[in-house]
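Per-entry structural report
The primary structure of each chain is shown beneath.
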Amino acid sequence: MSNVTPIQMATQTLATANETAPNNGPTVSEPPLSKNQQKKRLRWEKALAIKKRRKEQSRQVRIVKAQHDGRDLEKERELQRKNEQEGKGWERREERWKQLMKDADVENSFRVCFDCSFEEQMTWKETNSLGLQLRYTYAMNRKSSCPVYIDVCSLKKGGDTRAHMEKVAGFPERWVGRAFSTHEDGLEEVYGLTHEKDSGNDEHSDNKSTPEGKDEEGQQEGTPQQIHSHRVDPSTSSVAKPQRNLVYLTGDSPNILTTVDNSTTYIIGGIVDRNRLKRAAIDRAESLNIPTARLPLDEHLDFKGSTRILTCNHVFEILLRYRENGYRDWRGAILSVLPGRKEVQEKKEDAVDHDKADVQGLDNTGGCNIVGIESKNET
């Protein structure tokens, strides 16, 4: 028995493959692999073989199960090929999707918008992560029993984020039919907004007016602040339905989102910055005079030492789960979404009061109640 190591075997295999490869002309000789590269190649080939074997085992299990159930697999394959040729499979999927949208009453639900205007401040790796998160969002919405309309702004052609998403077949043409729309224009053009620095002091006085009895910052001492959402002008908006509100979700906001409003579009900042871009989302919201809010994470869970920063698809999924449970259980929606690496515990105290507040906000306002809280740094 020869004492040939796995590394030597991999080297011999590569050498044999190079010798037997057809010679199509002069080629540049590749440098020999180092020992570390050979080890990595060996691990990769081993993992590939394991994956292939498991896939074949899974296929055999499905075949045995189908035969046990008395199914005629050949007849099913023939019917599938016939339906693909005639387009009946697509028609059935379209009918199921239309019925799902009707049952979910998606026309009268809140909408979600992703603001991708931060791409120039992100690296290629970060835009790749953002593209993956948007793809997760699309898949999650399709599988949900209560889907919502999704709009993505500032997704420019030629940009890195769009380039990552265009690797998926059917994007964006087929995605539009699944409640997922993309726009090259930013929030300003899509929703007819203006920057605060470009507007006069009185132009947005309705949005900046402070309730009677409040101080200059719009908050009375010891009293929560009621925030009124920004109204979209239907004559200048190509996306939002008439009289829809806008609320920008950001963890830096002092306002708590106690429940959701079905006449509101909730904006999520498309940021993957590895904690570099401080206050980027809230600064953009304030420049557009859009009220802000944050998810009620600390009000329902104890994060201990875990970070409260969530990915874009996690924020969207929490909103979606909250819609699926009837706008009544923030705690359940958050816990079902948070990854296991975040070691969190439920807050037992005031649990009943929080649930009652959510239900009361839904009954009295139809789902909209954005409440501001005092900063912990204030005295």
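Summarised in this report is the structure supplied together with it. Numbering of residues starts from 1 in every chain and runs along the sequence as written. The model is predicted, so local features are restricted to residues of pLDDT at least 70 and side-chain atom pairs to those at 80 or more, both for listing and for counting; the totals for chains, interfaces and linings are taken over all residues. The basis for every side-chain value is the complete set of non-hydrogen atoms in the structure, without hydrogens or water.

1. Some remarks on helix α5 (residues 124–143)
The numbering of helices and of strands both runs from the N terminus, where a helix is a DSSP run of H or I of at least 4 residues and a strand a run of E of at least 2. Take the number of residues in a helix, subtract one, and multiply by 1.5 Å to get its expected span. Between its first and last C-alpha atoms α5 spans 29 Å; for 20 residues at 1.5 Å apiece the expected length is 28 Å, and the two agree. Relative accessibility thresholds used throughout: buried, under 20% of the residue-type maximum; exposed, over 50%; partly exposed, between the two (1.4 Å probe, protein chains only). Buried residues of α5: E126, T127, S129, L130, G131, Q133, L134, T137, Y138, M140 and N141, and no others.

2. Re a positive patch on the surface
Judged by side-chain charge, R92, R93, R96, R142, K143 and R174 come together as a positively charged surface patch. Breaking the positive patch down by element, the ones donating at least two residues are α4 (88–103) and α5. If one sorts the elements of the positive patch by residue count, α4 sits on top with three residues. Note that R93 resides in helix α4. Exposure above 30% relative accessible area and no salt bridge define the residues that can form patches, which grow by joining like charges within 9 Å and nonpolar side chains of Val, Leu, Ile, Met, Phe, Trp and Tyr within 5 Å. Methods summary: accessible areas were calculated by the Shrake-Rupley approach with a probe of 1.4 Å, and residue burial reflects only the protein chains presented. Here a salt bridge means any side-chain nitrogen of Lys or Arg lying within 4 Å of a carboxyl oxygen belonging to Asp or Glu. Under this rule, positive means Lys or Arg and negative means Asp or Glu; His and the chain ends count for nothing. Taken as the charge location is NZ of Lys, CZ of Arg, CG of Asp or CD of Glu.

3. Some thoughts on the pairing of strand β6 (residues 245–249)
Taken across its five residues, β6 has five buried, putting it largely inside the fold. Taking every second residue as pointing to the same face, both faces of β6 are buried, with N245, V247 and L249 on one and L246 and Y248 on the other. Only strands that DSSP links by at least two bridges are regarded as paired with each other. Sheet analysis places β6 next to strand β8 (residues 264–269), joined by five bridges and oriented parallel. If you follow N245 over to β8, its bridge partner there is T264. Pairing geometry for β6 and strand β9 (residues 292–293), over two bridges, is parallel. Opposite L249, over in β9, you have A293 as the bridge partner.

4. Section: the pairing of β8
Counting buried positions along β8 yields six of six residues, so the element is predominantly enclosed. Side chains of β8 alternate between two faces, with T264, Y266 and I268 and T265, I267 and G269 buried alike. Bridging between strand β1 (residues 111–115) and β8 involves five bridges; their strand directions are parallel. The residue bridging V112 from the neighbouring strand is Y266, located in β8.

5. Some thoughts on the packing of α5 against helix α11 (residues 312–324)
To obtain each axis, a line is fitted to C-alpha atoms, and for helices this fit is confined to the stretch in contact; angles are then taken between N-to-C directions over 0 to 180 degrees. Between α5 and α11, whose axes approach to 8 Å, the crossing angle comes to 20°. Judged on the interaxial angle alone, α11 and α5 are roughly parallel. Along this stretch, α5 crosses α11, giving a crossing that reads as right-handed. Contacts between α5 and α11 involve L130, Q133, Y136, T137, M140 and N141 on the former and, on the latter, C312, N313, F316, E317, L320 and R321. Amino acids are sorted into nonpolar (Ala, Val, Leu, Ile, Met, Phe, Trp, Tyr, Cys and Pro), charged (Asp, Glu, Lys and Arg) and polar (every other residue, Gly among them). Across the contact of α5 with α11, the residue classes break down as six nonpolar, four polar and two charged. By the definition adopted for this analysis, an angle is roughly parallel if under 35 degrees, roughly antiparallel if over 145, roughly perpendicular if from 65 to 115, and oblique otherwise. Crossing handedness follows the turn of the near helix against the far one: under a right angle anticlockwise gives a left-handed crossing, and clockwise gives a right-handed one. Should any heavy atoms of two residues lie within 4.5 Å, those residues are considered in contact.

6. Side note on the side chain of N245
With respect to the helices and strands, N245 occurs in strand β6. Polar contacts, as used here, are pairs of N or O atoms within 3.5 Å; protein pairs need one atom able to donate a hydrogen and one able to accept it. Residues neighboring in sequence count only if both atoms are side-chain atoms. Only 3.1 Å separates the side chain of N245 from the side chain of D261, close enough to count as a polar contact.

7. Digging into the side chain of T259
Mapping T259 onto the fold places it in strand β7 (residues 255–259). There is a polar contact of 2.8 Å between the side chain of T259 and the side chain of Y322.

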